[in-house]
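What follows is each chain in one-letter form.
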Amino acid sequence: MAQPAPRLVVVSPPPTKPCEPGLSGAAAASRLRALGLDAHWIDASIGWFEHSLQPQALERCLEHAQPGAPTAAYRDALRVARAPQHPLRRAATYADRRRYSSAANVLINALRLASEPWPGVSLRASELEIEGLHPARSADLAAFARQPGPFDDYFLGVLLPALERLAPTHVGISLTFYQQGFAACRLAALLAERLPQVQRVLAGPLVDCWAAAGNDLGTAPFQLFQRVLRLPGADDLDAFARELGAPASPVSAPLAVDPAEAPWHAYLSPQPVVPAAIGRGCYWRRCTFCPDHLHPTYEPCGTDALEGWLHTLAARFPRGAMLHLTDSALTPKHLLHIARIIERDALPLRWHGFVRMERAFAEPEVARQLAAGGATLLQWGMESASPALLERMDKGVGPEQARAVLRACSAAGIKNHVYLLFGQPGETDTERDATLAFVTAEGEHIHDLNNALLNLPRGSLMHRNAGDYSITEISPFSADTDLSLYDDFRCGASHPRLEARRWLGRRFFKSDVARAIQGGLKGPFGANHSCFLP
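Residues numbered from 1 in each chain as written. Predicted model: local features only at pLDDT ≥ 70, side-chain atom pairs only at ≥ 80, totals over all residues. Heavy atoms only, no water.

Some words on the layout of surface pockets
Here comes step 1: Considering only enclosed or pocket space, the second largest pocket measures out at about 330 Å³ in volume.
Here comes step 2: As for the second largest pocket, its lining consists of 21 residues, of which L53, A81, H86, R89 and L268 are closest to the centre.
Here comes step 3: Mapped onto the lining of the second largest pocket, the elements with two or more residues apiece are α2 (44-52), α3 (55-62), α4 (71-82) and α5 (97-115).
Here comes step 4: Tallied by class, the residues present in the lining of the second largest pocket amount to 16 nonpolar, 3 polar and 2 charged. (1 Å grid on protein atoms, 1.4 Å probe; cavity = no way out; pocket = protein on both sides within 12 Å on 5 of 7 lines; lining within 4 Å. Points joined across faces, edges and corners; volume = space filled by probe spheres on them. Helix = DSSP H or I, 4+ residues; strand = E, 2+ residues; numbered from the N terminus. Nonpolar A, V, L, I, M, F, W, Y, C, P; charged D, E, K, R; others polar.)

Here is the structure:
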């Protein structure tokens, strides 16, 4: 008997931020189609959000509310769920940060209400906490796969029937974030039980990171899948497609969501947010705290393909769209090319993304061209204002260059979202105070701040050559989180992460300038929504 022609469905499991589609699964399906295969994509994350937060579902959850639960907040969330349009989909909500924070808080309470039938489970917009379980512990993922949980109602009532109708030969589950691991494994177990004839494939950026860090992908919970793919540079995906008889050759195009495939009406943003990567890898690949050097070298898409993609989006979204460029770092050359096309052809597109503080961005004319061509917000991994720490990180940028970049972009009307990294090896309060002094001096040019503590990535140069960075001890955050990609560390008697945490509470978070930049902003979306805020 002839084998059926391959049909693939790629699923993005919950939860991911419900403001835009998840990129990796959608891009994989798009590439498989470009290679000539019958491939489809389902955003099961936004599907799960829609299913779980509909009024009828929340009404049932209210019946399970525990004593002491915030029932007034729950009823307010239910009232909003019954409204014709969620406030996070209205542009007017974003005109005022307090109004926006209030709308985001309603979503937080709705998810808290949806957690009530599941004691020990805390559902959030981009996180999932389960008492006693950890997503970086393989045994816990395998255990969660075997038992009913908060995703089952959607999986059994909506997703699996949709998959049955599509009749795939393969279902690929795309894993990007740790918090998706529980749902990914539960879905794999249900597929094995309900659709045993379908081949289960696991892939995605997190899978690639696990493989690069040396994790064994042949043990539980990976045994729930018949195939585990690594996707850097799309090589393994292309090879997999050729195994299935793909007739086409690889294409050079942005990694993007097919604009005809995503359920744009469902996402919680004031206009469609289209994630895409215009290149693969990082063109710098030298930051000593980052594991990007383990992945393929930078491979940008072709300029003709980029221009065609921009025009396709403009035709699909004539009333406007926000592009979320997810590349590790976007080159000045490519950003100027995008900006020139948008300005020249009056395309209704704006964009934001991660950018290195290259000298070119300090030129007022370059900043003006970017702003005229849709640049709304740029995310800068500044990390520190200490020259010594920046040199140790091999950032290739000093504080004065960073200052010039922020001022030029701010003057052009571009919002600056600055990322700071504390708790680095050798860091003292003197270096931290230098960063705070920089933020204080440049506060009017900084739109938002993101402060993080350094979790030392396995495979980074700092991790591999610890002694060169005064690191004397590396230890896992937990002895049994075998899928963790990060470690804790000490430098002699110093514990930089702990010291930085104390300093942040004592100094940074009490700074009037830092607090003014944040503006009382609350919510789980970060830069995904900051690009719309004043």
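Don't stop here, the text continues.
Description of the sheet that holds strand β19 (residues 486-490)
Here comes step 1: Taken in spatial order, the 3 strands make up an open sheet running β17-β19-β18, and their pairing is antiparallel. Bordering the open sheet on either side are β17 (456-457) and β18 (473-476), each of which pairs with just one other strand.
Here comes step 2: Here β17 pairs with β19 via 2 bridges, running antiparallel. If you follow P457 over to β19, its bridge partner there is Y486. (Pairing = 2+ DSSP bridges.)

A word on empty space enclosed by the protein
Here comes step 1: On inspection of all chains with the given rule, the structure shows 3 cavities of 30 Å³ or more.
Here comes step 2: One number sums up the size of the largest cavity: a volume of about 160 Å³.
Here comes step 3: In terms of lining, the largest cavity is formed by 18 residues, of which the most central are V10, G172, V201, A203 and L237.
Here comes step 4: Sorting the residues of the lining of the largest cavity by element identifies β1 (7-12), α1 (23-34), β5 (170-174), β6 (199-203) and α10 (235-243) as the ones contributing at least two each.
Here comes step 5: Per element, the largest residue contribution to the lining of the largest cavity is 5 residues, and it comes from β5.
Here comes step 6: Classifying every residue of the lining of the largest cavity gives 14 nonpolar, 4 polar and no charged.
Here comes step 7: By volume, the second largest cavity is sized at about 80 Å³.

Section: the nonpolar core
Here comes step 1: If you look at the biggest cluster of nonpolar residues, it comprises 159 residues, and the most contacted ones within it are L163, W351, L370, W380 and F508.
Here comes step 2: Filtering out sequence-adjacent residues up to four positions away, L370 remains in contact with L335, L336, A339, W351, F361, A375 and I414.
Here comes step 3: By size, the runner-up hydrophobic cluster in this structure holds 17 residues, among which are A329, A466, Y469 and F489. (Core = buried A, V, L, I, M, F, W, Y, C linked by side-chain atoms within 4.5 Å. Buried < 20%, exposed > 50% of the residue type's maximum accessible area, 1.4 Å probe, protein only. Contact = heavy atoms within 4.5 Å.)

Focus: the side chain of Q271
Here comes step 1: Its place among the elements puts Q271 in the loop between β8 (255-256) and β9 (273-277).
Here comes step 2: Looking at Q271, its side chain comes within polar contact range of the side chain of R350, at 3.0 Å.
Here comes step 3: Excluding anything up to four places from it in sequence, Q271 contacts R319, G320, A321, M322, R350 and F532. (Polar contact = N/O pair within 3.5 Å; in protein donor to acceptor, adjacent residues only side chain to side chain.)

Topic: the pairing of strand β15 (residues 415-422)
Here comes step 1: Counting buried residues along β15, 7 of its 8 residues qualify, which places the element largely inside the surrounding structure.
Here comes step 2: The pairing of strand β14 (residues 375-383) with β15 spans 6 bridges and is classified as parallel. In the strand pairing of β15, L377 is matched with K415.
Here comes step 3: Taken together, the 6 bridges between β15 and strand β16 (residues 448-453) define a ladder with parallel strand orientation. Of the residues in β16, the one forming a bridge with V418 is L449.
Here comes step 4: A crossover links β15 with its parallel partner β16, the connecting element being helix α16 (residues 429-441), and its sense is right-handed. (Right-handed = clockwise from strand over helix to strand, strands pointing away.)

Some thoughts on the sheet that holds strand β12 (residues 321-325)
What holds strands together in a sheet is hydrogen bonding between their backbones, with the strands either parallel or antiparallel.
Here comes step 1: The strand order across the open sheet formed by 7 strands is β8-β9-β12-β13-β14-β15-β16, and the pairing between neighbours is mixed. The open sheet is flanked by β8 and β16, the only strands paired with a single partner.
Here comes step 2: Here β8 runs beside β9; their pairing, made up of 2 bridges, is antiparallel. From the neighbouring strand, L255 faces β9, where its bridge partner is A277.

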